[in-house]
Amino acid sequence: MADVVRVVAADDPVRPLFSPAGELTADARGTLGLSPDELRDLYHKMVWIRRTDQEALNLQRQGELGLWGPYQGQEAIHVGTVAALRPTDWIFPSYREFGMGMCRGIDPAEMLTLFRGLSHGPWDPRRYHFAPLVIPVASQVPHAVGMAMGSRFKHGDDVVLSTFGDGATSKGDWHEAMNFAGVFRAPVVFLCQNNRWAISVPLAKQTAGSIAERAQGYGFPGIRIDGNDVLAVLAAVRAAAARARQGDGPYLIEAMTYRMGPHTTSDDPTRYRSETDLERWNVKDPIPRYREWLQGQGLIDEASLAAINREVETAVEATRNRLKSAPVPAAGEAIFGRVYQHPPDSFLEERQEFESSLESN
Amino acid sequence: MEPVTMAKAINLSLRDALAGDDDVLVFGEDVGTLGGVFRITDGLQKAFGSDRVFDTPLAESAIIGICIGLALRGFKPVPEIQFDGFIYPAFDQIVSHVAKYRNRTGVSMPITIRVPFGGRIGAVEHHSESPEAYFTHTAGLKVVAPSTPGDAYALLQSAIADPDPVIFFEPKARYYLKEEIDTAKEVPIGQARVARGGSGVTVIAYGPTVGIALDAAKAAEKENISLEVIDLRSLSPLDMPTILASLQKTHRAIVVHEAPVFGGFGGEIVARIADDGFDLLEAPIARIGGMDTPYPPARYEKLYLPDVDRILEAADLALAYG
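Residues numbered from 1 in each chain as written. Chains lettered and ligands numbered in written order. Predicted model: local features only at pLDDT ≥ 70, side-chain atom pairs only at ≥ 80, totals over all residues. Heavy atoms only, no water.

Peer 1: Explain the overall build of chain B to me, and be specific about the residues and the numbers.
Peer 2: On a plain count of helices and strands, chain B comes out with 12 helices and 14 strands. Taken against the 2.2 N^0.38 rule, which gives 20 Å for 322 residues, the C-alpha radius of gyration of chain B at 19 Å falls within 12% of a compact globule. C-alpha extents for chain B along the principal axes are approximately 60 × 40 × 40 Å. When the 322 residues of chain B are sorted by exposure, 63% land in the buried category. Residue pairs in contact within chain B that sit at least 24 positions apart in sequence constitute 81% of those at least 6 positions apart. In the form shown here, chain B has an accessible surface area of approximately 11900 Å², with 52% of it arising from carbon and sulfur atoms. (Helix = DSSP H or I, 4+ residues; strand = E, 2+ residues; numbered from the N terminus. Rg over C-alpha atoms; globule rule 2.2 N^0.38 Å. Buried < 20%, exposed > 50% of the residue type's maximum accessible area, 1.4 Å probe, protein only. Contact = heavy atoms within 4.5 Å. Areas by Shrake-Rupley, 256 points an atom, 1.4 Å probe, with all protein chains shown as cover.)

Put into structure tokens, the structure is as follows:
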């Protein structure tokens, strides 16, 4: 069996940072090297993306959005991940990583046009190194591996982050992508946001074993961590990305969290889960938890908390206004405009017929 | 230039594309060291290195899925799906992403997916299929199927240079057909060719059935029946002007493909003729194809596939109509 890659402890720079239970150790927390401003900014971003999430939920209820998929409870992962990466490192999200996109600098009003029925994702992924929100579960994971293989072929110093939920790990694409990554030693960090629910199906019915430990079978290390601790996420992603950057290949992080809201606004979680489960996770809510830690460290006071809330309210109001005044693209362009770079004549004729029919109506 | 087989012509086309553009990558199952099960990629890894021509794990969905990330980074991936019947695991990646990614993001996907297709090779199940209609039905893709070495060379150049994704179907029964090729000749996507001029009935074919159609035209000539054979080369987009120009002469048409007739690509051709050339027709259009069954065991494939006799019979009926 000499051909089989054995994952050894020396090859795992993430594990020493964590307790066996997946908690970031006090030592590791103390050596992150983040300035007080940077530490406060993580908090600010979590509050901002949560408040935007709530606003999107309201906008959906008011009929301004067709659908919304809340990410409440997963903010530590969204913020910690982006903070751990360089802006040139690509992120390949699933559909729930709206907050990650915000942290990457994409205008939330622009992203919300997707849920307003005006676009399928309007931003240029190359500008933000942030791929489109992908809806078919796990199908984005091979895309991330392709990008990482490309980084290796071009001798780039960027790495790729591929994120997905626990449900995605049941899919064939997930397995194929993990296997490719191992074989090609691609510089990719796999980040499973294990929020314990795939719509109504709980983790226990989704998978019988450990997700993190599956990495061994693909020839690289994996770890399960506390995904509701923003600094734990940041530390794990940073160490795994540094390892990938120096050419040591992929890493799998299973970040344990909880989907506090419904799957989407079309879902009704009261049909399949109890309040007590939610209450148990409310205690671990990443935002108050981190706020208390900052307060305990003397890094944030009431005045700065109030200032953050004011800034966030202003930002959210501006987002709402930008969304409501977002131009509605002309139908011909919206439907036909981006399908082909070199559209066939017959396609252009169909567009022309459609546009003339609009004019004559 | 010495006559070359279609297999060699495709090999030369890949070689020229790799040499002409550092962003072209060739990969798939067994395409590296072995040079492909049909030897289409023979010698390419040796010439261009294993970062540009490489074997992948046996996983069609990921073979196509990685193309998205590679294309976002500026590469021009040219993956091979080993056989027609193995493309289905990649169907989701092709339909949900390869075809739709530009529409979603505005970023072009210059991906050319090579697929040996069609029957008449005496193979076991899953090695003789004609899945083209699944892809012609998908907006965002272009679908081509050459029938000669020269067209295979040139059309592959056009496909790789095209900024949009192209499904490139190679008629494997014609891999070893030889002809002299002119590598300077261009064949743009979307242009059919008249493979043989005639005046009585137009026979519309592509890929593996072009040879059968030409054989039928030769046989018909002995009976003083003149068949014009159109080799579509490109299924999507479809060259309707060439088809309609032929119907101006013949007023009769037969469509021939190996795929089952029901829901097959021939239906689209017939419907387009009905839309744009109804007044030209003097007889119903015949569709000749595989039966509406799964591809049969090899012993029976000759009975299943279109042949010269079925084309001649349809031509007789078309000429006798009315």
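Peer 1: Describe the packing of helix α8 (residues 209–222) of chain B against helix α12 (residues 308–320) of chain B, naming the residues involved and giving the relevant values.
Peer 2: Helices that pack against each other are described as a pair by the angle of their axes relative to one another and the distance between those axes. All names here are of chain B. With their axes 9 Å apart at the nearest point, α8 and α12 run at an angle of 60° to one another. With respect to α12, the axis of α8 lies oblique. Classified by chirality, the crossing of α12 by α8 is right-handed. When α8 is examined against α12, the residues Ile 212, Ala 213, Asp 215, Ala 216, Ala 219 and Ala 220 are found in contact with a partner set consisting of Val 308, Ile 311 and Leu 312. Split into classes, the residues belonging to the contact of α8 with α12 amount to eight nonpolar, no polar and one charged. (Axes fitted to C-alpha atoms, helices over the stretch in contact; angles between N-to-C directions. Parallel < 35°, antiparallel > 145°, perpendicular 65-115°, else oblique. Left-handed = near helix turned anticlockwise from the far one by under 90°. Nonpolar A, V, L, I, M, F, W, Y, C, P; charged D, E, K, R; others polar.)

Peer 1: Can you explain the environment of A:Arg273? Please cite residues and give values.
Peer 2: Residue and element names in this part refer to chain A. Examined against the element boundaries, Arg 273 turns out to sit in the loop between β7 (251–256) and α12 (275–282). Distance in space between the C-alpha atoms of Arg 273 and Asp 248 is 41 Å, their sequence separation being 25 residues. Beyond its immediate stretch of four places on either side in the chain, Arg 273 contacts Trp 197, Tyr 258, Arg 259, Met 260, Gly 261 and Leu 278. At a separation of 2.9 Å, a polar atom in the side chain of Arg 273 contacts the main-chain carbonyl oxygen of Arg 259. (Polar contact = N/O pair within 3.5 Å; in protein donor to acceptor, adjacent residues only side chain to side chain.)

Peer 1: With reference to specific residues and values, describe the packing of aromatic side chains.
Peer 2: Working definition: an aromatic ring pair is given by the centre-to-centre distance plus the angle between the planes. Overall, the coordinates contain 34 aromatic pairs over all chains when judged by the stated rule. Ring geometry for A:Phe184 versus B:Phe54: centroids 5.4 Å apart, planes at 70°, classification edge-to-face. Of this pair, A:Phe184 sits in helix α8 (residues 172–184) while B:Phe54 sits in strand β3 (residues 53–55), on two different chains. This pair shows no difference in class: A:Phe184 is buried, exactly as B:Phe54 is. Taken together through their ring pairs, the aromatic side chains of A:Phe153, A:Phe180, A:Phe184, B:Phe27, B:Phe54 and B:Phe75 make up a single cluster. When the ring centre of B:Phe75 is taken as origin, the NZ or CZ atom of A:Lys154, which lies over that ring, is 4.7 Å away. Above the ring of A:Trp281, the side-chain terminus of A:Lys284 is found at 4.4 Å from the ring centroid. (Phe/Tyr/Trp six-rings, centres within 6.5 Å; stacked < 30°, edge-to-face > 60°. Lys NZ or Arg CZ within 6 Å of the ring centre and 35° of its normal.)

Peer 1: Describe the nonpolar core, listing the residues and the values that go with them.
Peer 2: Generally speaking, a soluble globular protein has its nonpolar side chains buried in company with each other. Core analysis: the biggest nonpolar cluster contains 81 residues, and A:Phe190, B:Leu232 and B:Ile243 have the highest contact counts within it. Structurally, this core is a two-domain feature, drawing no fewer than three residues from each of domain 1 (4–179) and domain 2 (193–320) of chain B. Those residues in contact with A:Phe190 that lie beyond four places of it in its chain are A:Val141, A:Val145, A:Ser162, A:Phe164, A:Ala177, A:Met178, A:Ala181, A:Phe220, A:Pro250, A:Tyr251, A:Leu252 and A:Ile253. Counting 70 residues, the second-largest nonpolar core is a separate cluster that includes A:Val14, A:Met46, A:Leu57 and A:Ile106. (Core = buried A, V, L, I, M, F, W, Y, C linked by side-chain atoms within 4.5 Å. Domains from an automatic or database assignment.)

Peer 1: With reference to specific residues and values, describe a negative patch on the surface.
Peer 2: Together, A:Asp345, A:Glu349, A:Glu350, A:Glu353, B:Asp275 and B:Asp276 line one region of the surface with negative charge. Those elements giving two or more residues to the negative patch turn out to be α16 (345–360) of chain A together with α10 (265–277) of chain B. By residue number, the principal contributor to the negative patch is α16(A), which donates four residues. Tracing the backbone through its elements, the reader meets B:Asp275 in helix α10. Residue classification places B:Asp275 among the exposed residues on the basis of a relative accessible area of 61%. (Patch = residues over 30% accessible without salt bridge, like charges linked within 9 Å, V, L, I, M, F, W, Y side chains within 5 Å. Salt bridge = Lys/Arg side-chain N within 4 Å of Asp/Glu carboxyl O. Lys, Arg positive; Asp, Glu negative; His and termini not counted. Charge placed at Lys NZ, Arg CZ, Asp CG, Glu CD.)

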